[in-house]
Amino acid sequence: MAVCIAKLVVAFSLLFMSTLLVSAKSHTFARRLHPLELGLKKEKLSHLHFYFHDIVSGRNPTAVRVAEAQMTNSSATGFGAVVMIDDPLTEGPEMSSKEVGRAQGIYALASQKDASLLMVQNYVFTEGKYNGSTLSVLGRNAVFSGVRELPIVGGSGLFRFARGYAKAKTRTFDLKTGDTVVEYNVYVFHY
C-alpha cells in the first residue's frame, strides 16, 4: 500500500510539474528575443533631409486649429491652441518641389511664456526606399529658436525600432498668412 501511495504521489507530482511548465511556456507576458528572430540585421544610421510646409491660409490649409482654451485668444503665446496637421514634406523648399511624404499629427501651443509647441506627429514617407515607412516625433519645439532638436521616438516599416533626433530650422515665415516652411535634417538609428 505504501508503494501504491508513493507511485500516486510521484504521478501527481509529475502531472502538476508538467502542467506548470506547459502553462509557463504558453502564457508568458514577456520573454527575451534575439534580434535575428524578428529578421533584424545590423543597425544603421540614416540622414533624411526634407522641407515641412505648414499651410494655415487659403482654401486648402494643411494645418487647422481644432481646439483652444478659453484664454487662448488673450494669451500672448496662443497657449492652449491645438492644431491638427497633414503637412507636405518636400525635397526642396518650394511647394512645387517633389513631395516625399506628409507630417501628420498635432501640435499644441504649450507654453505661457514663449512660443513653444508640443509636437506629436508622424512623418509618413511616400517616395523611394522609405515609401510606406514612418517616423514618430514627440517633443518640444521652441519655434523662434534658430535650430530646434526634436526627439524621434519610434517608427514603422524600414524604421522599426527607430530612435534619433530631428533638427528643425525655419526657412520662411509669412507674417501675413502664417504659412511656414521648415527645413528638417533627421538623424535616425534603425535596422
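Residues numbered from 1 in each chain as written. Predicted model: local features only at pLDDT ≥ 70, side-chain atom pairs only at ≥ 80, totals over all residues. Heavy atoms only, no water.

Enquirer: I'm lost on the nonpolar core in this one. Help?
Expert: Generally speaking, a soluble globular protein has its nonpolar side chains buried in company with each other. Residues Phe50, Tyr123, Phe125, Leu135, Ile152, Tyr184 and Val186 are the most contacted members of the largest nonpolar core, which totals 29 residues. Those residues within four positions of Phe50 in sequence are excluded, and the remaining contacts are Leu89, Thr90, Val100, Tyr123, Phe125, Val182, Glu183, Tyr184 and Val186. (Core = buried A, V, L, I, M, F, W, Y, C linked by side-chain atoms within 4.5 Å. Buried < 20%, exposed > 50% of the residue type's maximum accessible area, 1.4 Å probe, protein only. Contact = heavy atoms within 4.5 Å.)

Enquirer: Hey, could you run me through the pairing of strand β5 (residues 116-125) in this one?
Expert: For a regular strand, side-chain orientation follows a simple rule: the groups alternate between the two sheet faces. Relative to β5, strand β4 (residues 99-109) is paired through nine bridges, and the arrangement is antiparallel. Its bridge partner being in β5, Ala108 is matched across the sheet by Leu118. Counting the residues between successive antiparallel strands, the hairpin from β4 to β5 contains six residues. Inspection of the sheet shows β5 paired to strand β6 (residues 134-142) by nine bridges, in the antiparallel sense. Within the sheet, the bridge partner assigned to Leu117 lies in β6 and is Asn141. (Pairing = 2+ DSSP bridges. Helix = DSSP H or I, 4+ residues; strand = E, 2+ residues; numbered from the N terminus.)

Enquirer: For this particular structure, what's the right way to read the pattern of salt bridges?
Expert: Oppositely charged side chains can pair when the atoms bearing their charge come close. Using the criterion set out here, one finds eight salt bridges in the structure. A salt bridge links Glu37 to Arg31, with the nearest nitrogen and oxygen atoms 3.7 Å apart. Arg31 matches Glu37 in its accessibility class, with the two residues each being exposed. The partner of Glu183 in a salt bridge is Arg171, with the nearest N and O atoms 3.5 Å apart. Taken as a pair, Glu183 in strand β9 (residues 180-190) and Arg171 in strand β8 (residues 163-173) lie far apart in primary sequence, 12 residues in all. Salt bridges linked by common partners bring Asp86, Glu99 and Arg102 together as one network. (Salt bridge = Lys/Arg side-chain N within 4 Å of Asp/Glu carboxyl O.)

Enquirer: What is the right way to read the packing of aromatic side chains from this model?
Expert: The relative placement of two aromatic rings is captured by the distance of their centres and the angle of their planes. The full count for this structure, using the stated rule, is nine aromatic pairs. Note on Phe125 and Phe159: the rings are 5.9 Å apart at their centroids and 55° apart in plane angle, and the pair reads as tilted. Linking Phe125 in strand β5 with Phe159 in the loop between β7 (148-156) and β8, this pair joins segments that are 34 residues apart in sequence. Each member of the pair, Phe125 together with Phe159, is buried. Among the aromatic side chains, those forming a connected cluster through ring pairs are Phe50, Phe52, Tyr123, Phe125, Tyr130, Phe159 and Tyr184. (Phe/Tyr/Trp six-rings, centres within 6.5 Å; stacked < 30°, edge-to-face > 60°.)

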